Amino acid sequence: MKKTEKNNKKLFSLIIIFFVILLGILYLGYTSYKDNIDNMTNNSQKNSESNESEESKGNEQEKPNIESNPVASTRLIAVINALNNPFIENVGDSIGYIYNKGFNDKNSLSNNYIIYTALYYLKERNELEDNNEPKYQKKVSKSVVDRTIKNIFGDITYNTNAYLGNGITCPNGYYNQNEEYFYINTNCEVGTRKIETYNIKIVQGMKSVDIYQAIGYVTNDGVKKVYKDKSMTDLVAEDNDYEISINDYNKFVQYKFSFTKGSDNLYHFQSVDVVRENN
């Protein structure tokens, strides 16, 4: 009987020792697992903060020399030049349609302006077809105009059948619905008034590009006159060789052209906004 009791005590002691060892192993396993989870969480937070920092840097990057930026110096400069065209919505309106409201987003633009801008872009790039007519010397298919509008504006609503042309801007013309062709007069006069620009800087983000530009209003009746304002009263220079430069662009009104990246990986015009009035 005593021997049995001894054996039972030994067995009980072994069971106790076994559970103590098991609890020790479980504890060590738990602490190791917790440390790993904590390390993974910390690393994840660091990586997230690092990515946010990099993204922030990307959004805040400024390049004053716009011509050195491959995105802006080629295609977008051509697009801005097309947006700054001699379109006039109504007789008596001021030159500089894209600037006149102080702010314009692409959804507030008139149907005529959207189509006219595409025609002007194609004219400047010599991409219009010849047409053997005295009044309408050029023509272009609807498909080309549609593609050009997509290139400039991305997804935008417009109606080619409602294009009325405009007799006081150049190029002007009309849309032939049966042939699905635009017929264009490029031998036209837009007057002596125009706008001259100076590209100040570019700010490039992850999916956006902003281009800052100073603009001046110009007449030239033998002598070039450059004004700060569209009313043509605040004269800056009376000189055929004068150009807005880095030395004096702050005298002029400044605008920000905003572009966003589309599904085609191209930057499309989104809006223009006045950011500085002239001094």
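Residues numbered from 1 in each chain as written. Predicted model: local features only at pLDDT ≥ 70, side-chain atom pairs only at ≥ 80, totals over all residues. Heavy atoms only, no water.

1. Examining the pairing of strand β4 (residues 138–141)
In this structure, strand β3 (residues 129–130) lies alongside β4, joined through 2 bridges in antiparallel fashion. Note that in β4 the partner of Glu129 across the bridge is Lys139. In the sheet, β4 pairs with strand β6 (residues 181–185) via 4 bridges, with the strands oriented antiparallel. Following the sheet pairing, Lys138 is matched in β6 by Ile184. (Pairing = 2+ DSSP bridges. Helix = DSSP H or I, 4+ residues; strand = E, 2+ residues; numbered from the N terminus.)

2. Some words on the side chain of Asn185
By secondary structure assignment, the location of Asn185 is in strand β6. According to the relative accessible area criterion, Asn185 is buried, its value standing at 11%. Side chain to side chain, Asn185 and Gln137 meet in a polar contact 3.2 Å long. In terms of polar contacts, Asn185 uses its side chain to reach the backbone amide nitrogen of Asn187, at 3.0 Å. In this structure, Asn185 is in contact with Lys135, Tyr136, Gln137, Cys170, Pro171 and Asn172, ignoring residues within four places of it in sequence. (Buried < 20%, exposed > 50% of the residue type's maximum accessible area, 1.4 Å probe, protein only. Polar contact = N/O pair within 3.5 Å; in protein donor to acceptor, adjacent residues only side chain to side chain. Contact = heavy atoms within 4.5 Å.)

3. Observations regarding the state of the cysteines
Counted according to the given criterion, the structure contains 1 disulfide. With a sulfur-sulfur separation of 2.0 Å, Cys170 is cross-linked through a disulfide to Cys188. A torsion of 90 degrees about the S-S bond marks the disulfide between Cys170 and Cys188 as right-handed. One end of the pair, Cys170, is in the loop between α4 (142–153) and β5 (172–176); the other, Cys188, is in the loop between β6 and β7 (194–204), and 18 residues separate them in sequence. A residue is classified by how much of its surface remains accessible, and Cys170, at 7% relative accessible area, is buried. For Cys188, a relative accessible area of 18% translates into the label buried. (Disulfide = S-S within 2.5 Å.)

4. Description of the layout of surface pockets
Its boundaries defined by the atoms lining it, the largest pocket holds a volume of some 470 Å³. Asn84, Asn85, Pro86, Tyr120 and Lys194 are, among the 20 residues lining the largest pocket, the residues nearest its centre. Elements with a minimum of two residues in the lining of the largest pocket: α2 (70–83), α3 (111–124) and β7. The leading source of residues in the lining of the largest pocket is α3, at 4 residues. Taken together, the residues that form the lining of the largest pocket break down as 11 nonpolar, 4 polar and 5 charged. (1 Å grid on protein atoms, 1.4 Å probe; cavity = no way out; pocket = protein on both sides within 12 Å on 5 of 7 lines; lining within 4 Å. Points joined across faces, edges and corners; volume = space filled by probe spheres on them. Nonpolar A, V, L, I, M, F, W, Y, C, P; charged D, E, K, R; others polar.)

5. Here we look at the pairing of β5
Taking burial as the measure, the 5 residues of β5 include 4 buried ones, the bulk of the element. Of the pairings in the sheet, the one linking β5 to β6 comprises 5 bridges and is antiparallel in character. Counterpart to Asn172 in the pairing with β6 is Asn185.

6. As for the pattern of salt bridges
Taken as a whole and judged by the stated rule, the model has 7 salt bridges. Salt-bridge contacts for Lys123 lead to Glu124; the nearest nitrogen and oxygen are separated by 3.2 Å. Judged by its relative accessible area of 24%, Lys123 is partly exposed. On the accessibility criterion, Glu124 (47% relative accessible area) is partly exposed. We note a salt bridge from Arg125 to Glu127, for which the minimum N-O separation is 2.8 Å. Under the relative-accessibility criterion, Glu127 is labelled partly exposed at 37%. (Salt bridge = Lys/Arg side-chain N within 4 Å of Asp/Glu carboxyl O.)

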